[in-house]
Amino acid sequence: MATSDRTWRPGTRAAHAGRANDPCVAAPLIEPLYQSTVFRFESVAQIDAVYAGQAPGHVYYRMGTPNTSALEACVADLEGGEAAVAAASGMGAISSLLLALAEQGDHLVADRHVYGGTFSLLSVDLARLGIAVSLVDVDDLAEVEAAIRSNTRALLLETLTNPTLRVGDLPELCRLGRARGIPVVVDNTFTTPCLVRPLEFGADLVCHSLAKYLGGHSGGMGGIVVGKKGLIDAVRAKIVHFGASLGPFDAWMVGQGLPTLALRMRAHCENALTVARFLEQQPAVSRVLYPGLTSHPRHDLAARLFSGGFGGMVSFSLKGGRSSAERFLEALDLIAFAPSLADVTTTISYPIATSHRGLPESALAAMDVDEGLLRLSVGIEHVDDIIADLSAAL
């Protein structure tokens, strides 16, 4: 409440109760939660300076908050980017990113093995807006190059595809993008900057679902895009205009998980490799997809690209298809059947019933997603307990 000699009436005093007026002179150890949708100014000159970037500050929650700004600065630093912008979800981030790069009449090239939600965005929503998309196998550089047109505005990849854990040759794909003047966009959700930093290989933009490893505890949702400031400013404008902004509480929640990211990723990777080796020996399992296994077709490439491990995700197919997958999921005890990933606890998902639900059969076949495929997000529990639960269910 503004200080003055005036005697304010009770109703006025009540309305202004609890307004920001922190007399604390010591800085808090943990970032405070700024649960405010708007910020006050002393003059038009002050708000003009904030809008112009000449003075620090925030105006309105849709344009950013202290909590989202702190999160953006941290993730930009982790990825080695100039700037970052957060959105309300991973799909909000990718949608805003692609619409910042392309408009009606433009063209995109994307890996055909991308996450199901991204596939639907590319094949349905962007097509409705007049943006053409070519889905390719990024393992075939010649196919990728042949798909590029004069109006191609981006090449979209994933460091590890969801859910088949394919590994693209990031350095070569980024070189191709630079040679053709096309921004390369990499979804780094599955690996995080602890294992690989795509910007160092020449990628232009990197995105994450914040609800996954960066947050790590299934407690905060959001998405984020990192890259050069000019590109990030363009993405931010779309996020603001579409109302896809991240709220301060979710930004704060994700921020609480970030300090343990490196420790968690080390445990996820170690456990996942042990679990993958176990699954590879099981007669009920027809295939195991994990880049840390020597049986993975791009194991050598992953070993060159990744530092500190091969990620916490393991996908495998059960003999017997859907009926076997359903019985297996019902038999698990410790491991939860949950349609997300990257929690500190081990969870499992069934792609054709969750992340890839409703996709055409032809798309699922092209992605190599069969009816027996399960996606295991290996947690940080004692690995013997994880294996015991898998063994009992098998």
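Parameters at a glance
Residues numbered from 1 in each chain as written. Predicted model: local features only at pLDDT ≥ 70, side-chain atom pairs only at ≥ 80, totals over all residues. Heavy atoms only, no water. Helix = DSSP H or I, 4+ residues; strand = E, 2+ residues; numbered from the N terminus. Expected span 1.5 Å × (residues − 1). Bend = angle between axes of the 7 residues up to and from the residue. Buried < 20%, exposed > 50% of the residue type's maximum accessible area, 1.4 Å probe, protein only. Contact = heavy atoms within 4.5 Å. Axes fitted to C-alpha atoms, helices over the stretch in contact; angles between N-to-C directions. Parallel < 35°, antiparallel > 145°, perpendicular 65-115°, else oblique. Left-handed = near helix turned anticlockwise from the far one by under 90°. Nonpolar A, V, L, I, M, F, W, Y, C, P; charged D, E, K, R; others polar. Core = buried A, V, L, I, M, F, W, Y, C linked by side-chain atoms within 4.5 Å. Disulfide = S-S within 2.5 Å. Phe/Tyr/Trp six-rings, centres within 6.5 Å; stacked < 30°, edge-to-face > 60°.

Caption draft 1: Quick peek at helix H5 (residues 116-128). Taking 1.5 Å per residue, 13 residues should reach 18 Å; H5 reaches 18 Å between its end C-alpha atoms and fits that length. At Leu122, H5 shows its maximal kink, close to 30 degrees. Burial in H5 covers these residues: Gly116, Gly117, Thr118, Phe119, Leu121, Leu122 and Leu126. In this structure, the buried side of H5 is in contact with helix H4 (90-101), strand S2 (107-111), strand S3 (132-136), strand S4 (152-158) and helix H14 (361-367). Remark: Gly130 follows H5 within two positions and exhibits a positive phi of approximately 85 degrees.

Caption draft 2: Up close: the packing of helix H11 (residues 261-280) against helix H15 (residues 383-393). At their nearest, the axes of H11 and H15 sit 10 Å apart, and the two run at 30 degrees to each other. If you check the angle between H11 and H15, you find them roughly parallel. Pair H11 / H15 crosses with right-handed handedness. Where H11 abuts H15, its residues Asn271, Thr274, Val275, Phe278 and Leu279 lie against Val383, Ile386, Ile387, Leu390 and Ser391. Considered class by class, the residues forming the contact of H11 with H15 number seven nonpolar, three polar and no charged.

Caption draft 3: Just the nonpolar core, in detail. Residues Phe316 and Leu390 are the most contacted members of the largest nonpolar core, which totals 113 residues. Here the element with the most residues in this core is H11; it accounts for nine residues. Discounting chain neighbours no more than four positions away, the residues touching Leu390 are Val275, Phe278, Leu279, Phe328, Leu332, Ile335 and Leu376.

Caption draft 4: Here's a closer look at the state of the cysteines. A full pass over the atoms with the stated rule returns zero disulfides. Cys74 forms no disulfide, and the closest cysteine sulfur to it belongs to Cys194, at a distance of 10 Å. Judged by relative accessible area, Cys74 falls into the partly exposed class, the value being 32%. With no disulfide of its own, Cys194 lies 8.7 Å from the sulfur of Cys269, the closest cysteine sulfur. Owing to a relative accessible area of 28%, Cys194 belongs among the partly exposed residues under this scheme.

Caption draft 5: Seen up close, the packing of aromatic side chains. Evaluated as defined, the whole model comprises three aromatic pairs. Taking 4.8 Å as the distance between ring centres and 65 degrees as the angle between the ring planes, the aromatic pair formed by Tyr60 and Tyr61 counts as edge-to-face. Given a relative accessible area of 32%, Tyr60 falls into the partly exposed group. Given a relative accessible area of 33%, Tyr61 falls into the partly exposed group. Aromatic pair Phe316 and Phe328: ring centres 5.9 Å apart, planes at 85 degrees, arrangement edge-to-face. Remark: Phe328 occurs in helix H13 (residues 321-331) and Phe316 occurs in strand S9 (residues 313-318); sequence separation between them is twelve residues. On the accessibility criterion, Phe316 (0% relative accessible area) is buried.

Caption draft 6: View of the environment of Met221. Among the secondary structure elements, Met221 is positioned in the loop between strand S6 (205-209) and strand S7 (223-227). The partly exposed category is assigned to Met221, whose relative accessible area is 46%. For Met221 and Arg304, which are 83 residues apart along the polypeptide, the C-alpha to C-alpha distance reads 31 Å. Leaving out residues up to four positions away in the same chain, Met221 has contacts with Ala88, Ser89, Ala211, Leu246 and Asp250.

These figures come from the coordinates and say nothing about function on their own.
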